[in-house]
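# Structural characterization, general
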Amino acid sequence: VNRILRALILATLFSIGITTISAQANSQTFTGSISNSRISEYYPISLNAGEAVLITAEATSGTLDTYLILRDPNGAIVAENDDRETGVITDSALGAIADISGDYEVEVTRYPEGDSTGAYDLTIEIGTPDILNQLTELIVRVTLSGPEQTIDTANFRIHYTTSGADAVDAEFLNAVVQAAEEFYDIQINQLGWAAPPRDGFLGGDDRYDIYIQDLIGSGEGALGYASPDTVVGDNPNTPETELNAASSYLVLDNDYNDSDAVDLIGLMRTTFTHEFNHVVQFGYDGDEPQGWVFEATASWIETVSAGKDEDATGYVEYNYQYPELCFGTTTVDPDGGMLQYGDWMFIQMLADVYGRDSVVAYWRHIAQKDNWASLESFLSERGSTIPDALAAYRLKNLARDYRLAPEFNATVWLENTIDDLGSWTFTGQGIQSLGANYFRFDLPPGAYNAEISGDRGGLQLWAVGILGDEKVEAIPLGRGASFDTTPYSEAYLMVFDPAYSDDVENCTYQDYNIQVQAGKGFPVLPYLIFPATYFQTLG
Ligand SMILES: [Ca+2]
Ligand SMILES: [Ca+2]
Ligand SMILES: [Ca+2]
Ligand SMILES: [Ca+2]
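Scanning the entire structure with this criterion turns up 38 aromatic pairs. Residues Phe172 and Tyr256 carry aromatic rings whose centres are separated by 6.2 Å and whose planes lie at 35° to one another, so their mutual orientation is tilted. Note that Phe172 is positioned in helix 3 (residues 170-190) and Tyr256 in the loop between strand 13 (245-253) and helix 4 (264-282), a separation of 84 residues in sequence. On the basis of relative accessible area, Tyr256 is assigned to the buried category, the value being 0%. With a centroid separation of 5.5 Å and an interplanar angle of 90°, the aromatic rings of Phe346 and Tyr393 are classed as edge-to-face. Here Phe346, found in helix 8 (residues 344-354), pairs with Tyr393, found in helix 11 (residues 386-399); they are 47 residues apart in sequence, far enough to count as distant. On the basis of relative accessibility, which here comes to 0%, the residue Phe346 falls in the buried class.

Written out as structure tokens, the structure is:
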């Protein structure tokens, strides 16, 4: 075979892509089936360090929606894949390069939430790393409306087209090119996040992939999104060993023309830094069950990286309107999932109290633990607890103690005004886990006693006094105690629920009464003090 002919043969092999077996690879095909009594089949394979493996599972009968998992000799998940094209091609494909030599295990199972059954063909190809090029054909992330073109930066490959609904113009494309390395530098080099794991060969090479598509016009209802695709377990770019780090890609709208924004490039930029932060987060934990922390952190990133383009302050008004709702919920708020974005203020509080680097430190805990356990261990290292931190957060919100408060256009929801001694209660539905109600305390200056009753037993009371335009002082009353309003220009009472559970989507309201009497005994002194720079009278 002369050299020219050989080149042609290679070109032909490349063009048929997925059915090719390269000369250095050996490939084996197995058949099996998944039934309700046998939902997994296991196949041992022996790999040498540095060897690549490419695995595909294809359903051949019944309703089977395949799911593939590859485990290393220690039983740790190396890679997993559900669908070659999410929801469209439900067969599976994955590839990996062995870190260590030994006996690996391939598990073929079904999509875990379903009950599909049927037979499948499993193909396992072992060879040199170039066999993984086939993943580019096998895994379909985004299909553009016209011929796909790419442009590469140091860390990113941008996939776009100039025809059809997804078409981009040169100015927009250039702005994406600029934004990509600029926000990479801010998040990775300046803010100290670990670079996310590379995606092997997906998208054509190991750069992080950006796809530009008409998201808004196609009714997706999203300005952009990030999607984890391969769970790699450990992120090689951190010193710790992660459990569920994942590589991922991001998708941006092609022009933002159908949004109501004035500065379309600005909207692209803040969307980019938000979505790229998700890519970074997945490098710590692509499988954290508590969804709020992804959106809260990505929205917070907008405030520290996107300048005037940030969209995070736009969510505050909504969060301030529903302080009584469960903290961390992503479904129970009236607008079905808006609260989690406004929860960026909690991330800002961590940055204010423990330093900006603490946000990355918190994500290191998220990588190791799930649900509230990660916040518990992060706070415990700093001598705090979730109830203490959330009470402080609810008080900070009342004080509007945020650098960006001039952009808020909101004060926390005022439940009622207490203007007499006696029994008072909520006007809405009560409060949920880690939530709060705020009352104006409008009685003549003096010493008073407030006590909580009629609840399940755990609610806490705080008195809050405003010292002119200088300070907001918070006085912990526990279940009941006395406080002195004499020094203050205004006073408030906050009822707070310190109880929490991992099930943040099933919170229930708690009833309560507040008994207000004349002061008795020594008044409690302030415990937390906030600057009153941005304080505004409630209501
Ligand atoms: Ca599947
Ligand atoms: Ca890539
Ligand atoms: Ca690591
Ligand atoms: Ca976690």
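Moving on from the coordinates now.
With that settled, consider the confidence of the model for the chain. Summarising the model, the chain shows a mean pLDDT of 92, and 95% of its residues fall at 70 or more. Confidence drops under pLDDT 50 across residues 1-23; counting only partners more than four residues distant or on other chains, this segment forms 13 contacts.

Time to look at the packing of helix 8 against helix 10 (residues 372-380). The N-to-C vectors of helix 8 and helix 10 enclose an angle of 15°; their axes lie 13 Å apart at closest approach. Comparing the axis directions of helix 8 and helix 10 gives the class roughly parallel. Both helix 8 and helix 10 take part in a crossing whose hand is left-handed. Residues Phe346, Leu350 and Tyr354 of helix 8 touch helix 10, and the partners they reach there are Leu375, Phe378 and Leu379. Its residues assigned to classes, the contact of helix 8 with helix 10 comprises six nonpolar, no polar and no charged.

Moving on to a negative patch on the surface. A cluster of acidic side chains, namely Asp287, Asp370, Glu376, Asp502 and Asp503, defines a negative patch on the protein surface. For Glu376, the position within the fold is in helix 10.

Spatially, the four strands line up as an open sheet ordered 2-7-4-5, and their pairing is antiparallel. Each having just a single partner strand, strand 2 (40-47) and strand 5 (77-81) make up the two edges of the open sheet. Taking each pair of neighbouring strands and ignoring which way they run, the sheet shows an average axis angle of 20°. In the sheet, strand 4 (residues 66-71) pairs with strand 7 (residues 102-110) via six bridges, with the strands oriented antiparallel. Bridging from a neighbouring strand, Ile69 pairs with Glu107 of strand 7.

Let's shift gears to the environment of Gln510. With respect to the secondary-structure elements, Gln510 resides in the loop between strand 21 (490-496) and strand 22 (513-518). Separated by 160 residues in the primary sequence, Gln510 and Leu350 have C-alpha atoms spaced 27 Å apart. Non-local contacts of Gln510, meaning those with residues more than four positions away in its chain, are made with Phe426, Gly430, Ile431, Asp455, Arg456, Gly457, Leu459 and Asp497. Within polar-contact distance, the side chain of Gln510 engages the backbone nitrogen of Arg456 at 2.8 Å.

This paragraph deals with the coordination of the calcium ion (ligand 2). Only Asp199 (OD), Asp199 (OD), Leu202 (O), Asp205 (O), Arg207 (O) and Asp209 (OD) from the protein coordinate the calcium ion (ligand 2), and they sit 2.3 to 2.6 Å from it. Note that the calcium ion (ligand 2) binds six donor atoms; their angles at the metal cover 52 to 173°, and the shape is irregular. Donor residues for the calcium ion (ligand 2) sit on one chain with the sequence pattern D-x2-L-x2-D-x1-R-x1-D. Take Leu202: its relative accessible area is 5%, and that puts it in the buried class. Classification of Arg207 as partly exposed rests on a relative accessible area of 22%.

Bringing the nonpolar core into the picture now. By size, the foremost hydrophobic cluster in this structure holds 96 residues, and its most contacted members are Trp193, Ile210, Phe272 and Phe346. When residues of this core are assigned to their parent elements, the largest contribution, eleven residues, is made by helix 3. Non-local contacts of Ile210, meaning those with residues more than four positions away in its chain, are made with Phe156, Arg157, Ile158, His159, Val176, Ala180, Leu250, Leu252 and Phe272. One finds Trp424, Ala450, Leu459 and Ala481 within the second-largest nonpolar core, a separate group that totals 24 residues.

The next point concerns the coordination of the calcium ion (ligand 4). On the protein side, the calcium ion (ligand 4) has Asp285 (OD), Glu288 (OE), Ile366 (O), Lys369 (O) and Asp370 (OD) as donor atoms, found 2.2 to 2.4 Å from it. If you list the donors of the calcium ion (ligand 4) from N- to C-terminus, the spacing comes out as D-x2-E-x77-I-x2-K-D. By relative accessible area, which is 38% here, Lys369 ends up partly exposed.

This next bit is on the sheet that holds strand 3 (residues 52-59). Here four strands make up an open sheet; going across it, the order is 1-8-3-6 and the pairing antiparallel. Bordering the open sheet on either side are strand 1 (26-34) and strand 6 (92-97), each of which pairs with just one other strand. In this sheet, neighbouring strand axes are inclined to one another by 15° on average, regardless of whether the strands run parallel or antiparallel. As judged from the six bridges shared by strand 3 and strand 6, these two strands associate in the antiparallel manner. Considered in strand 6, the bridge of Thr56 is made with Ala93.

What counts and what doesn't
Position numbers for residues count from 1 along each chain, tracking the sequence in the order it is written. Chains carry letters from A onward and ligands carry numbers from 1 onward, assigned in written order. Under the rules for a predicted model, residues below a pLDDT of 70 receive no local features and side-chain atom pairs below 80 are neither given nor counted, while totals for whole chains, interfaces and linings still include all residues. Where side-chain values are given, they derive from all heavy atoms of the structure, hydrogens and water being excluded. In this analysis, rings of Phe, Tyr and Trp, with Trp reduced to its six-membered ring, are considered paired at centre separations within 6.5 Å, and the interplanar angle assigns stacked below 30 degrees, edge-to-face beyond 60, and tilted for intermediate values. Put simply, DSSP marks the helices as runs of H or I at least four residues long and the strands as runs of E at least two long, and each gets a number from the N terminus on. Partly exposed describes any residue whose relative accessible area lies between the buried limit of under 20% and the exposed limit of over 50%, with all areas from a 1.4 Å probe on protein chains only and scaled to the type maximum. Every residue gets a pLDDT, meaning the predictor's confidence in that residue, from 0 to 100. Throughout, a residue-residue contact means that at least one pair of heavy atoms, one from each residue, lies within 4.5 Å. Angles run from 0 to 180 degrees between N-to-C directions of axes, and those axes are lines fitted to C-alpha atoms, restricted for helices to the stretch in contact. To sort the angles, those under 35 degrees are grouped as roughly parallel, those over 145 as roughly antiparallel, those from 65 to 115 as roughly perpendicular, and the leftovers as oblique. Should the near helix be turned anticlockwise from the far one by less than a right angle, the crossing is termed left-handed; should it be turned clockwise, right-handed. Only Asp, Glu, Lys and Arg are considered charged in this grouping, and only Ala, Val, Leu, Ile, Met, Phe, Trp, Tyr, Cys and Pro are considered nonpolar; every other residue, Gly among them, is considered polar. Only residues above 30% relative accessible area that lack a salt bridge enter a patch, with like-charged residues linked at up to 9 Å and the nonpolar side chains Val, Leu, Ile, Met, Phe, Trp and Tyr linked at up to 5 Å. Note that accessible areas follow from Shrake-Rupley with a 1.4 Å probe, and for residues the cover is restricted to the protein chains shown. In what follows, salt bridge is the name for a side-chain nitrogen of Lys or Arg lying within 4 Å of a carboxyl oxygen of Asp or Glu. We treat Lys and Arg as the positive residues and Asp and Glu as the negative residues; His and chain ends play no part in the count. Charge positions come from single atoms, namely NZ of Lys, CZ of Arg, CG of Asp or CD of Glu. Two strands form a pair only when DSSP identifies at least two bridges running between them. Under the rule applied, a polar contact is a pair of N or O atoms within 3.5 Å (in protein, one hydrogen donor and one hydrogen acceptor; residues adjacent in sequence only if both atoms are side-chain atoms). Ligating atoms shown are N, O and S within 2.8 Å of the metal, or 3.2 Å for Na, K and Ca, and water is not included, meaning a site may look less than complete. Site shape is set this way: if four donors have all angles between 85 and 135 degrees, tetrahedral; if opposite donors are over 155 degrees apart and all others between 65 and 115, square planar for four donors and octahedral for six; otherwise irregular. Side-chain atoms within 4.5 Å are what join buried Ala, Val, Leu, Ile, Met, Phe, Trp, Tyr and Cys residues into a set we call a nonpolar core.

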